[in-house]
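# Close look at the chain arrangement
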Amino acid sequence: MKTVYDYSVKDRKGNEVSLKEYANEVLLIVNTATKCGFTPTYTELENLYKKYHAQGFEILDFPCNQFGQQAPGTDESIHNFCKLTYGTEFPQFKKLKVNGEDADPLYKFLKSQKGFAGWDESHPIYPILDKMLSEADPNYKESPEIKWNFTKFLINKKGQVVARFEPTEKIENVEKAVVEELGK
């Protein structure tokens, strides 16, 4: 059975990193953007990271420019923005694609494990996203493709994908799932 440990990614400097380096840790893999309505999620992610990192929790940040070109700039400029604006300490990797034929193999795997999880329809950005995505594809909810920036995949200590959280999901629900996995 495949796990995330079967994949390697590139760090922001272009060096190959095997996800085996994160064996026995709980991971939250996130596609991010610096110029998005969800960009303040970096604050919530950093708070989670600070709170649980010492217990074996890691956040892996993958900038992605596929959604409204909201992750412009170089890997280094994105990293500097996140450090200076949000104080992020968790690992940030090279910008990649999460959808399409040239999607990164890790993201192809993640999507094959957990499809679209549904929106929190009470989120203020939900109506805008739903309208935009529905106009592009009336059946978008049936596809496992990543819908927008800040989609999160929770990985257990065995490297298995256990949950997917869409960008509208409340961070409290993500935290609850992280705590549950850390306790296993």
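Here is a short report on the structure shown in this document. Residue positions within a chain follow its written sequence, with the count starting from 1. Totals for whole chains, interfaces and linings use all residues, but because this is a predicted model, local features are given only for residues with pLDDT of at least 70 and pairs of side-chain atoms are given and counted only at 80 or more. Hydrogens and waters are ignored; side-chain quantities use all the structure's heavy atoms.

Segments assigned H or I by DSSP are reported as helices when at least four residues long, segments assigned E as strands when at least two residues long, and all are numbered from the N terminus. In terms of regular secondary structure, the protein chain is built from 5 helices and 6 strands. The order of α-helices and β-strands along the protein chain, N terminus first, is β-β-β-α-β-α-α-α-β-β-α. The globule rule puts the C-alpha radius of gyration for 184 residues at 16 Å, and the 15 Å found for the protein chain is close to it. Expressed as lengths along the three principal axes of its C-alpha atoms, the size of the protein chain is roughly 40 × 35 × 30 Å. The buried share of the protein chain, reckoned over its 184 residues, is 51%. The contacts of the protein chain with a sequence gap of at least 6 include a subset with a gap of at least 24, amounting to 69%. The charged-residue count follows a simple rule in which Lys and Arg add positive charge and Asp and Glu add negative charge, with His and chain termini not counted at all. In plain terms, the charge of a residue is placed at NZ if it is Lys, CZ if Arg, CG if Asp and CD if Glu. Across the protein chain, 25 positive and 28 negative side-chain charges occur, with their mean positions spaced 2 Å apart. The quantity called the radius of gyration is restricted to C-alpha atoms. Its globule counterpart is 2.2 Å times the number of residues to the power 0.38. Burial classification: accessible surface area is computed with a 1.4 Å probe over protein chains only, and a residue below 20% of its type maximum counts as buried, one above 50% as exposed, and the rest as partly exposed. Throughout, a residue-residue contact means that at least one pair of heavy atoms, one from each residue, lies within 4.5 Å.

So, on to helix α2 (residues 75-86). The length a helix should cover is 1.5 Å for every residue beyond the first. Taking 1.5 Å per residue, 12 residues should reach 16 Å; α2 reaches 16 Å between its end C-alpha atoms and fits that length. Buried within α2 are the following residues: D75, I78, H79 and C82. Buried residues along α2 cover an arc of 100° about the axis, so they all sit on one side. If you follow the buried residues of α2, they end up packed against α1 (41-52) and β4 (57-63). Once α2 finishes, G87 follows within two positions and takes phi at roughly 65°, a positive value. Relevant arc is that of directions from the helix axis to the C-beta atoms, nothing else.

This part covers the nonpolar core. For the purposes of this section, nonpolar cores are sets of buried Ala, Val, Leu, Ile, Met, Phe, Trp, Tyr and Cys residues that join through side-chain atoms within 4.5 Å. One finds V4, I29 and L110 to be the most contacted residues of the largest nonpolar core, which totals 57 residues. Beyond its immediate sequence surroundings of up to four residues, L110 is in contact with V4, I29, F153, I155 and V161.

So, on to the packing of aromatic side chains. The pairing test for Phe, Tyr and Trp rings, Trp by its six-membered ring, is centres within 6.5 Å, and the orientation test on the planes gives stacked under 30 degrees, edge-to-face over 60, and tilted for anything in between. In total, this model carries 12 aromatic pairs according to the counting rule given. Aromatic ring contacts, followed pair by pair, group Y42, Y49, F81, Y86, F90 and F150 into a single cluster. Our definition puts a charge over a ring when NZ of Lys or CZ of Arg is within 6 Å of the ring centre and also within 35 degrees of the ring normal. In this structure, K35 is placed above the aromatic ring of F81, and the distance from its NZ or CZ to the ring centre is 5.9 Å. Sitting over the ring of F116, K147 keeps its end group 5.1 Å from the ring centre.

Summary: where empty space remains is shown by rolling a probe the size of a single water molecule over the atoms. Roughly 180 Å³ of volume is contained in the largest pocket. Of all the elements in the fold, those that place two or more residues in the lining of the largest pocket are α1 and α5 (171-182). Cavities and pockets were defined on a 1 Å grid built from protein atoms only: a cavity is a group of points that admits a 1.4 Å probe but offers it no way out, a pocket is an open group of points flanked by protein on both sides within 12 Å along at least five of seven lines, and a lining residue is one with an atom within 4 Å of any such point. Grid points are joined across faces, edges and corners, and a volume is the space filled by probe spheres set on the points.

Phi at N24 takes a positive value of approximately 70°, unusual for a residue other than glycine. Within the fold, N24 resides in the loop between β2 (16-18) and β3 (26-32). One non-glycine residue, Q69, adopts positive backbone phi at about 50°. With respect to the secondary-structure elements, Q69 resides in the loop between β4 and α2.

None of the figures reported here should be taken as evidence of function without further support.
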